[in-house]
Amino acid sequence: MQPTYTAFQKRLRPGTARVLTCLFLVSPPPLLQAQEGQASSPVHQTVEAPRSSAKKIQLHKRANSPFESAGVKGSVTGENAIEYLIEAKTGQSLELDLRSDHALAGYRITAPAAPRALHHGQGRHSVYSGTLPRDGTYRVLVYLLDAAAKNGDRAEFFLNIRIRNPG
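Residues numbered from 1 in each chain as written. Predicted model: local features only at pLDDT ≥ 70, side-chain atom pairs only at ≥ 80, totals over all residues. Heavy atoms only, no water.

Examining the pattern of salt bridges
Thought 1: Following the criterion strictly, the structure yields 5 salt bridges and no others.
Thought 2: Put simply, Arg-162 and Glu-95 hold a salt bridge, and the shortest N to O gap is 2.9 Å. Of this pair, Arg-162 sits in strand β10 (residues 154–164) while Glu-95 sits in strand β5 (residues 93–100), and the two are 67 residues apart along the sequence.
Thought 3: Taking the relative accessible area as the measure of exposure, Arg-162 reaches 28% and is therefore partly exposed.
Thought 4: Note that Arg-154 is salt-bridged to Glu-156, the shortest N-O span being 2.8 Å.
Thought 5: For Glu-156, a relative accessible area of 32% translates into the label partly exposed. (Salt bridge = Lys/Arg side-chain N within 4 Å of Asp/Glu carboxyl O. Helix = DSSP H or I, 4+ residues; strand = E, 2+ residues; numbered from the N terminus. Buried < 20%, exposed > 50% of the residue type's maximum accessible area, 1.4 Å probe, protein only.)

Some thoughts on the nonpolar core
Thought 1: Among the nonpolar cores identified, the biggest contains 29 residues, and Tyr-84, Leu-96, Val-140, Leu-159 and Ile-161 are the most heavily contacted of them.
Thought 2: Of all the elements in the fold, those that place two or more residues in this core are β3 (67–77), β4 (80–88), β5, β6 (105–110), β9 (136–144), α3 (146–151) and β10.
Thought 3: For this core, the leading source of residues is β10, giving 5 residues.
Thought 4: Beyond its immediate stretch of four places on either side in the chain, Tyr-84 contacts Lys-55, Ile-57, Val-72, Tyr-138, Arg-139, Val-140, Val-142, Phe-157 and Leu-159. (Core = buried A, V, L, I, M, F, W, Y, C linked by side-chain atoms within 4.5 Å. Contact = heavy atoms within 4.5 Å.)

Quick word on unusual backbone geometry
Thought 1: With a phi angle near 60°, Asn-64 is a residue other than glycine that sits in the positive phi range.
Thought 2: Here Asn-64 shows up in the loop between β2 (60–61) and β3.
Thought 3: Assessed through its relative accessible area of 86%, Asn-64 is described here as exposed.
Thought 4: Residue Ala-113 is not a glycine yet carries a positive backbone phi of 60°.
Thought 5: Within the element layout of this structure, Ala-113 appears in the loop between β6 and β7 (119–122).
Thought 6: Residue classification places Ala-113 among the exposed positions, given a relative accessible area of 82%.

Structure representation (structure tokens):
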């Protein structure tokens, strides 16, 4: 059975529950107060993620090649980003090669259900190669770094994706 507010009041010294109630009713916690003309903000600050669109990548096996691969051409502008979804299995090798006309183009690789990125890359030519830790959908987010995004810059890029089975 859940304790009720009345049960909570009975455990406090006389008058304490009344003071606590007044405090909650009179003023919200300082972190929740909004400045004039602004909406109230949540207690936990969050970093705004780039706006993105997701695209599933279909990998293709080429004759006489141990890799399944795909090449993707695209562009990102300002704070917009493109997220590519890649199905892969534990133990497979992933190779990414991002070439861009902008030095502040970047990408982030995230494993399925992972709290942090597997890898961050940036620059006109950035390469990643690694063994994948789990089965599922890997996410590759291509974006502009803050300085370029805030200026509304545009980056053209080509992303080459290759996956190879172990062995």
